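# Results of the structural survey
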Amino acid sequence: MDWNPGNTPEVDMSVRESIDPDSSLWSWLAFDLWFYRTRRSLSLAQTAQIVRVARGTVSNWEAGRLRPSDPYMAILDKAWDTGGHFQRLLHYARSGHDPDWFAQYIQYESSAKVLKIYHGKSVPVPVQTPEYGKALLLSGGQARESDREVGVRQRRQEILTKRDPPYIWIILDEDVLERPVGTRSTMEAQLGYLLQVDELPHVSVRCILRSAGAHPGLDGAFQILDLGGRQISYAGAQLAGRLIEAGDEVASLAIHFDQLGALALSRDDSRKLIEKVRESYL
């Protein structure tokens, strides 16, 4: 389908004005989906017919609220004779650093069916107490933002108790338990909370002893989310994490998590370790 001056383009000014194609590759993709469509004087519904999705799906692509997948971009490239433009943009958006990655990650986390988390330095956000989280932020020099950030983290923890919660598998290094964050009472309460959430039927907390030596998690924390037939991952970094939505990296991290699981103590032995360390903070 090509340029059709007989149709009136459907223009959402608020969307067009809010998407800055210079801000990230994902925003560029969203903007170009709108730009190429309106240049052809096509409505959202007409474009939806081309790729065989709902009108709202196309609208969400253009607004940056939903990220498209390869088959749909291939259809548009063929229909609009773009020379593979959208497929290339999608490829580089996935592999590059996205300044807005965290907002997208939060959406994924809230709808995940399974969440696998490895942390070697600190207790991960979904199972932090407010006091531990605030102490961790203060240690990183984020005093001004700590109260607001703790509130954000607490809202993320709602996945633990929502009506249809995800399965959450957590693997921690022994160092996480023994590294003081905040006061002794903060650590005692945090380890007690780990034991509490581990009692939930959809949560498992396991630990890797220091004596296990070098292992695949030493490069940094990472998380794997199963969205129901599709896996994405997040890899931690010093100043900013990276959301990985496709490719061999997701599969490699999934293998690393399985390798870490093979090194970890059993669930019962992990509880005994957490209880032992907790007693040292009393």
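Structure shown above.
Described in the following lines is the structure provided in the data block.

Parameters at a glance
Residues numbered from 1 in each chain as written. Predicted model: local features only at pLDDT ≥ 70, side-chain atom pairs only at ≥ 80, totals over all residues. Heavy atoms only, no water. Helix = DSSP H or I, 4+ residues; strand = E, 2+ residues; numbered from the N terminus. Contact = heavy atoms within 4.5 Å. Areas by Shrake-Rupley, 256 points an atom, 1.4 Å probe, with all protein chains shown as cover. Salt bridge = Lys/Arg side-chain N within 4 Å of Asp/Glu carboxyl O. Buried < 20%, exposed > 50% of the residue type's maximum accessible area, 1.4 Å probe, protein only. Pairing = 2+ DSSP bridges. Core = buried A, V, L, I, M, F, W, Y, C linked by side-chain atoms within 4.5 Å. Axes fitted to C-alpha atoms, helices over the stretch in contact; angles between N-to-C directions.

### Examining the overall build of the protein
On a plain count of helices and strands, the protein comes out with 13 helices and six strands. Taking as baseline every contact in the protein between residues at least 6 positions apart, the subset at least 24 positions apart corresponds to 72%. Taken as a whole, the protein presents about 14500 Å² of accessible surface, with 51% of it coming from carbon and sulfur.

### Structural notes on unusual backbone geometry
Notably, Ser-41 is not glycine yet its phi reads approximately 55°, a positive angle. Considering the arrangement of structural elements, one finds Ser-41 in the loop between α2 (25-39) and α3 (44-51). Look at Asp-81: it is not a glycine, yet its phi comes out positive at around 55°. Position of Asp-81 among the secondary structure elements: in the loop between α5 (70-80) and α6 (85-95).

### Structural notes on the pattern of salt bridges
Counted by the stated rule, this structure contains nine salt bridges. Close ionic contact of Asp-175 with Arg-210 constitutes a salt bridge, the shortest N to O distance being 2.8 Å. Taken together, the positions of Asp-175 in helix α10 (residues 174-178) and Arg-210 in the loop between β3 (203-208) and β4 (222-226) put the pair 35 residues apart, joining distant regions of the chain. Take Arg-210: its relative accessible area is 46%, and that puts it in the partly exposed class. Of the charged contacts in the structure, one is a salt bridge between Glu-199 and Arg-271, with a shortest N-O distance of 3.5 Å. You can see Glu-199 sitting in the loop between α11 (184-198) and β3 and its partner Arg-271 sitting in helix α13 (residues 267-280), a full 72 residues away along the chain. You can call Arg-271 buried: its relative accessible area is 18%. A network of salt bridges, in which partner residues are shared, links Glu-174, Asp-175, Glu-178 and Arg-210.

### Focus on the pairing of β3
Most of β3 sits inside the fold, with five of its six residues counted as buried. Pairing analysis gives six bridges linking strand β2 (residues 167-173) to β3, with the strands arranged parallel. Residue pairing for β3: Asp-173 is matched across the bridge by Ile-208.

### Quick look at the nonpolar core
Within the largest apolar cluster, 35 residues are counted, with the highest numbers of intra-cluster contacts made by Ile-168, Leu-177 and Leu-225. Among residues more than four places away in sequence, those in contact with Ile-168 are Leu-115, Ile-117, Ile-159, Leu-160, His-202, Val-203 and Ser-204. In terms of nonpolar packing, the next biggest core, distinct from the first, is built from 18 residues, Trp-26, Val-53, Val-58 and Trp-80 among them.

### A word on the sheet that holds β3
Overall, mixed pairing links the six strands, which are arranged β3-β2-β1-β4-β5-β6 in an open sheet. On the outer flanks of this sheet lie β3 and β6 (242-244), each paired with one strand and no other. Each neighbouring strand pair of the sheet contributes to a mean axis angle of 15°, computed without reference to strand direction. Contacting β2 and β3, α11 runs over the sheet at an angle of about 130° to β3. Contacting β1 (114-119), β2, β3, β4, β5 (231-235) and β6, helix α12 (residues 248-263) runs over the sheet at an angle of about 110° to β4.

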